[in-house]
Amino acid sequence: MNLDLDAAAIGFRDEVRDWLASNLPATPLPSVDTPAGDAAHRDWERRLAAAGLAAVSWPVEYGGRAAPPLHALLFDEEYHAAGAPVRIGQNGLFLLAPTLLAHGTAAQCARVLPPMARADQVWAQAWSEPEAGSDLAAIRSRAIRTDGGWRLSGQKTWSSRAAVADRAFGLFRSDPAAGRHRGLTYLMFDLRADGVSVRPIRQLDGTAGFAEIFLDDVFVPDQDVIGAPGDGWRVAMSTAGHERGLSLRGPGRFTAAADRLVSLWLSDPRPALRDRVVDAWIGARAYRMQAYASLDAPVPPSATKLFWSELDVALHETALDVLGARAEVDPAWTAGYLFALAGPIYAGTNEIQRDILARRVLGLPR
Amino acid sequence: MRLAPSTDQAGYAAAVHELLTDADLPGVASAWADGDVAPWRAMWSRLAGLGVTGLIVPERWGGLGGTVADLVVVAEELGHHALPGPVAESIGAVPALLAAAGRDGPADKWLPEIAAGRVVATLAAPPWLPFAADPDVADLILLAGTDTVWAGRADSAYPSIDAGRTLAEVSPAGVLASGAAGAVAQAMNMGALVCAAQLLGAGRALLETSIGYARQRTQFGRPIGSFQAVQHRLADVAVGLEFARPLLHAAAAHPGQRDRDVSAAKVACGEAAHRAARAALQVHGAIGYTREQGLGRWLTKVRALTLSWGTAEQHRARVMAELAKEARS
């Protein structure tokens, strides 16, 4: 693809490509949701950070390169094309960091971001609750004012990577008398603090990819509030945009998977499946070209989330059908398929995304 | 490479939009459907005044010498208004074909006239384009084979599913250019891209009109646009259009317009527009099924254009053929 990259972009892309070629682990790392995998993935992140590649778009003082958004896209594409490991730090890197850079203080950024980039601190997201899923503003977990900070109590669930993470960020109700969307405060807390217990939940694929978090009178200092107390909903919605949009699911994953799917089909070209393979490839290309177009003209995050999550399912469904009976015992494609099935649920279900797109973007009435 | 339209391109498209908004297109279309093409010719002249008909005609032949990226932005606007006529042919494929293959004779003779809007051109190129569109308004009819271009003679025209369109088979009546394989291939891609852009624009119009109707039409005491069944269907339409557009712009922006990318754009724009058309008719209900209401101009144009300039089946086959070539090289 000729994207007319300038010399700086080409230089950066080549640097990433070369670095990955000479540093990629020779054999795949153990699953990120096992103790051995946890250590191996943190070690991998440290090597990325040492090469200045953990978070290229961040300001230099926090461990980034102040690279333009185009470079972040190029990094994502090279990373996935090389088949590099899952980013254990992704919740922090892609969700908390943009929020801190937009709403946090310089002191918070300086304290949180450098250890995040080195995976010395791995972050979990603590938003959903048993009674607050799609209806996120129904959050009941409390933050109660105390001397020098807040005391957190309640239960969070479906918290990705909480079983292995060190810290978490989430929304708490600080003023029950205020309206549903007001009176929420965005806080960071230590998952190893007194009063926190974490119960891993086994997912469809058998791994403990997410967990419940129980909080019983957990102290959090004022310095760990992001934005103003009571302003958490607004702060959270900026994170939601990142989660639904390009920063969590860049086009690299889909481009790489579509290329593998085309090779798979070409190795045994059965005509009845051809058009589904072509459509998956076209979808991946559409997502990639949209990512480049979005550098100049933003795209609604709700539309982006609908597109990538449905593309991911369709692409993997097609791959299983192309593999035929062998698909059942193909570990890579079945793992990818099970991972894809979660996409239309997390980061706000696709039904909620359609509500948002219809009402906020298209202007249809409530 | 910039994939989103530039300020200049958006400004030019807005000027075209304004001209077409003020131009009583429903009247033009219904006159056309009744066999009176004079209002349409007047409209075409006004578009020529803005430079649309000579947009990609090189300046030496009196055109604007614009890029393919410029062309698809304008063509989206023509589709947005469901403009009748051989649009992909006269502003896309034929100028590209003549400029590349016609060097001396035909280009000098025809391109200045096409750019000025005095000559409307159409083209058949079997098997991808078995019929020439709208031969009854065309002053220049061409027939293209793999590497030869003929002046063509149209057989009697068939009415299309789209009341603002007719189709005819074309027989050869004298060679205009031979050894023109590259020019023909380029022209075919140009026609497919303009057609894809028209589809995208028509899809956008169908979404806009559906939103407007759903906000205003009340049933069960509420606007029908407040029902999730309607909201979610229109949200899916919006996603389809939003993610077809970058394929179109990327295909247009790539120098030489690669077959693979053009076909991907045609498939995606066609699907997105078709989904918009089906949703629009359901949202409008019976009123949308009337000739009088006017939605039908877009519904039938979308169906006609998805079948023209290569069907989805042909374009999907070409995408895979190109991917297979890349895999071998």
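Keep in mind the model is a prediction, meaning the values are calculated, not measured.

**Thoughts on the overall build of chain A**
So, point 1. For chain A, the helix and strand inventory stands at 11 helices and 8 strands.
So, point 2. A compact globule built from 366 residues should have a C-alpha radius of gyration of about 21 Å, and chain A, at 21 Å, falls within 12% of that.
So, point 3. Counting only C-alpha atoms, chain A reaches 65 × 45 × 40 Å along its principal axes.
So, point 4. The proportion of buried residues among the 366 residues of chain A is 46%.
So, point 5. In chain A, the share of contacts with a sequence separation of at least 24, taken over all contacts with a separation of at least 6, comes to 70%.

**What about the overall build of chain B?**
So, point 1. Of the regular secondary structure elements, chain B holds 11 helices and 9 strands.
So, point 2. By the compact-globule yardstick of 20 Å for 329 residues, chain B fits well, its C-alpha radius of gyration being 19 Å.
So, point 3. Over its C-alpha atoms, taken along the principal directions, chain B stretches across nearly 65 × 50 × 40 Å.
So, point 4. Sorting the 329 residues of chain B into buried and exposed places 57% on the buried side.
So, point 5. Within chain B, contacts between residues separated by at least 24 positions form 69% of all contacts whose residues are at least 6 apart in sequence.

**Considering the UniProt feature "domain: Acyl-CoA dehydrogenase/oxidase N-terminal" (unreviewed entry) in chain A**
So, point 1. According to UniProt, the feature "domain: Acyl-CoA dehydrogenase/oxidase N-terminal" (unreviewed entry) maps to residues 12-119 of chain A in the numbering used here.
So, point 2. The span residues 12-119 of chain A shows a helical share of 62% and a strand share of 0%, and its end C-alpha atoms are spaced 23 Å apart.

**Let's talk about the interface of chain A and chain B**
So, point 1. Listed by partner, the interface residues are 34 residues for chain A and 33 residues for chain B.
So, point 2. Elements with a minimum of two residues in the side of chain A that touches chain B: α7 (252-266), α8 (271-293), α9 (301-323) and α11 (350-361) of chain A.
So, point 3. Of the residues that constitute the side of chain A that touches chain B, the class distribution is 22 nonpolar, 4 polar and 8 charged.

**So, helix α5 (residues 87-101) of chain B**
Residue and element names in this part refer to chain B.
So, point 1. Over its 15 residues, α5 runs 20 Å from end to end, which matches the ideal 21 Å to within 8%, given 1.5 Å per residue.
So, point 2. Remark: the principal bend of α5, roughly 35 degrees, maps to Ala93, with a proline, Pro95, within the next four residues.
So, point 3. Burial of α5 is extensive: 14 of the 15 residues sit out of reach of the surface.

**Considerations on the sheet that holds strand β5 (residues 158-159) of chain B**
Residue and element names in this part refer to chain B.
So, point 1. Spatially, β2-β6-β5 is the arrangement adopted by the 3 strands of the open sheet, whose pairing is antiparallel. Edge strands, defined here as strands with exactly one partner in the open sheet, are β2 (132-133) and β5.
So, point 2. For β2 and strand β6 (residues 166-168), the ladder comprises 2 bridges, and the chain directions are antiparallel. Among the inter-strand pairings, Ala133 is bridged to a residue of β6, identified as Leu167.

**A word on the pairing of strand β1 (residues 123-126) of chain A**
Residues in a regular strand point their side chains to alternate faces of the sheet.
All names here are of chain A.
So, point 1. Here β1 shows no split at all, with Trp123 and Gln125 on one side and Ala124 and Ala126 on the other all buried.
So, point 2. As defined by bridge partners, β1 adjoins strand β4 (residues 167-173) across 4 bridges and the pair is classed as parallel. Pairing of Ala126 across the sheet is with Gly170, part of β4.

**Examining unusual backbone geometry**
Residues and elements named next belong to chain B.
So, point 1. With omega at 5 degrees, the peptide bond leading from Pro126 into Pro127 counts as cis.
So, point 2. Within the secondary structure layout, Pro127 lies in the loop between β1 (121-124) and β2.
So, point 3. A positive phi is found at Phe220, a non-glycine position, where the angle reads about 55 degrees.
So, point 4. Residue class for Phe220 comes out exposed when judged on the 8 C-beta atoms lying within 10 Å of it.

**Some details on the environment of Gly83(A)**
All names here are of chain A.
So, point 1. By the element assignment, Gly83 lies in the loop between α3 (69-81) and α4 (90-103).
So, point 2. What makes Gly83 exposed here is the crowd of 12 C-beta atoms within 10 Å.
So, point 3. As for Gly83 and Ile139, which are separated by 56 residues in sequence, their C-alpha atoms are 38 Å apart.

**Some thoughts on the UniProt feature "domain: Acyl-CoA dehydrogenase/oxidase C-terminal" (unreviewed entry) in chain B**
So, point 1. Feature annotation in UniProt places "domain: Acyl-CoA dehydrogenase/oxidase C-terminal" (unreviewed entry) on residues 184-322 of chain B, given in this structure's numbering.
So, point 2. Strand forms 3% of residues 184-322 of chain B and helix 78%; the C-alpha atoms that close the span are 18 Å apart.

**Examining the nonpolar core**
Residues and elements named next belong to chain B.
So, point 1. Within the largest apolar cluster, 226 residues are counted, with the highest numbers of intra-cluster contacts made by Val72, Leu97, Leu142, Leu193, Val194, Leu234 and Leu248.
So, point 2. The leading source of residues in this core is helix α7 (residues 181-216), at 20 residues.
So, point 3. The residues contacting Leu142, other than those within four sequence positions of it, are Val94, Leu97, Ala121, Leu123, Val149, Trp150, Ala151 and Gly152.

**Notes on α4(A)**
Residues and elements named next belong to chain A.
So, point 1. For α4, which comprises 14 residues, the first-to-last C-alpha distance of 19 Å matches the rise-based estimate of 20 Å (1.5 Å per residue) to within 8%.
So, point 2. Considering bend angle alone, the principal kink of α4 is centred on Leu96 and spans about 40 degrees; proline Pro98 follows within four residues of it.
So, point 3. Residues of α4 that are buried include every one of Asn91, Gly92, Leu93, Phe94, Leu95, Leu96, Ala97, Pro98, Thr99 and Leu100, and no others.

What counts and what doesn't
Residues numbered from 1 in each chain as written. Chains lettered and ligands numbered in written order. Predicted model: local features only at pLDDT ≥ 70, side-chain atom pairs only at ≥ 80, totals over all residues. Helix = DSSP H or I, 4+ residues; strand = E, 2+ residues; numbered from the N terminus. Rg over C-alpha atoms; globule rule 2.2 N^0.38 Å. Buried ≥ 20, exposed ≤ 12 C-beta atoms within 10 Å, placed from the backbone. Contact = placed C-beta atoms within 7 Å. UniProt positions renumbered as here; feature names shortened; annotations may be inferred. Nonpolar A, V, L, I, M, F, W, Y, C, P; charged D, E, K, R; others polar. Expected span 1.5 Å × (residues − 1). Bend = angle between axes of the 7 residues up to and from the residue. Pairing = 2+ DSSP bridges. Core = buried A, V, L, I, M, F, W, Y, C linked by C-beta atoms within 7 Å.

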